[in-house]
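Commentary on secondary and tertiary structure
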Amino acid sequence: MALELADDPAIKIELRRHCSVELLRVLYVEVGRNYHWVDRLAWTDEQIAAYLKQREVSVSLMTYNGEMAGYFELKKCEDGSTEIAYFGLMPQFIGRGLGKHLLTCATEQAWTDGANRVWLHTCTDDDPAALPNYLKRGFKPLKTETYQVER
């Protein structure tokens, strides 16, 4: 399956204007479980709530037949760019081509919201399909860093 999934009525992507702390926590934990997403695990409910209240931050949820399938989080930066801060699928939805559609929607939303540049980070802990997906959607590597993290 490819981008023709955009016409699949089972897929819905909705901006969560008032994303709850609980929803963001579930998405972050479940989507990031296999990719070493740990930086927010220690955040308190108050820290997450304060983060979500920032005007620069938006969260969009993808559902498939009403089931949470993935999400993306956009963060507008002072320089006019927009970072795709977090992006991914729930494990049971990986491999269906939904990531291509979700990334296209995230990128289009960032441009629609007025970004002068759209960017993201990736690493070797990401899904093997992540980098090819980014490259096919027009992203270009800017720099490469090497560092160690404790697990």
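Residues numbered from 1 in each chain as written. Predicted model: local features only at pLDDT ≥ 70, side-chain atom pairs only at ≥ 80, totals over all residues. Heavy atoms only, no water.

1. Remarks on the sheet that holds strand 3 (residues 67–76)
Spatial ordering of the open sheet is given by 1-2-3-4-5, a layout of five strands whose pairing is mixed. The sheet terminates laterally at strand 1 (11–15) and strand 5 (118–119), the two strands that pair on one side only. Pairing of strand 1 with strand 2 (residues 57–64) involves five bridges; the strand directions are antiparallel. Bridge pairing in strand 2 links I13 to M62. Along the sheet face, helix 1 (residues 21–32) touches strand 2, strand 3 and strand 4 (82–89) and points at about 105 degrees away from the line of strand 3. Strands strand 1, strand 2, strand 3, strand 4 and strand 5 of the sheet are contacted by helix 3 (residues 98–112), whose axis makes an angle of about 160 degrees with strand 4. (Pairing = 2+ DSSP bridges. Helix = DSSP H or I, 4+ residues; strand = E, 2+ residues; numbered from the N terminus. Contact = heavy atoms within 4.5 Å. Axes fitted to C-alpha atoms, helices over the stretch in contact; angles between N-to-C directions.)

2. Some words on the pattern of salt bridges
Counted by the stated rule, this structure contains four salt bridges. We note a salt bridge from E30 to R33, for which the minimum N-O separation is 2.5 Å. A relative accessible area of 49% places R33 in the partly exposed class. A salt bridge links E73 to R40; its shortest N-O distance comes to 2.7 Å. Separated by 33 residues along the polypeptide, E73 in strand 3 and R40 in the loop between helix 1 and helix 2 (45–52) bring together distant segments of the chain. Judged by relative accessible area, which is 0%, E73 ranks as buried. (Salt bridge = Lys/Arg side-chain N within 4 Å of Asp/Glu carboxyl O. Buried < 20%, exposed > 50% of the residue type's maximum accessible area, 1.4 Å probe, protein only.)

3. Describing helix 2
Every buried residue of helix 2 is accounted for by I48, Y51 and L52. With its buried residues spanning 95 degrees around the axis, helix 2 presents them on a single face. Those residues of helix 2 that are buried are in contact with helix 1, strand 2, strand 3 and strand 4. (Arc of directions from axis to C-beta.)

4. Overview of the side chain of S60
By the secondary structure assignment, S60 is in strand 2. If we skip the residues at most four places from it in the chain, S60 touches I13, E14, L15, R16, G70, Y71 and F72.

5. Focus on the environment of A130
Tracing the backbone through its elements, the reader meets A130 in helix 4 (residues 130–136). Spatially, the C-alpha atom of A130 lies 8.4 Å from that of G99, the residues being 31 residues apart in sequence.

6. Focus: unusual backbone geometry
Backbone geometry at H36 places phi at a positive 65 degrees, although glycine is not the residue there. Along the chain, H36 falls in the loop between helix 1 and helix 2. Judged by relative accessible area, H36 falls into the partly exposed class, the value being 23%. Phi angles above zero are rare outside glycine, and N65 is one such case at about 50 degrees.

7. Points about the nonpolar core
One finds Y71 and I84 to be the most contacted residues of the largest nonpolar core, which totals 39 residues. Mapped by element, the contributors of at least two residues to this core are helix 1, helix 2, strand 2, strand 3, strand 4, helix 3 and helix 4. The element that contributes the greatest number of residues to this core is helix 1, accounting for six residues. Among residues more than four places away in sequence, those in contact with I84 are E73, L74, L103, A106, T107, V118, W119, L120 and F139. (Core = buried A, V, L, I, M, F, W, Y, C linked by side-chain atoms within 4.5 Å.)

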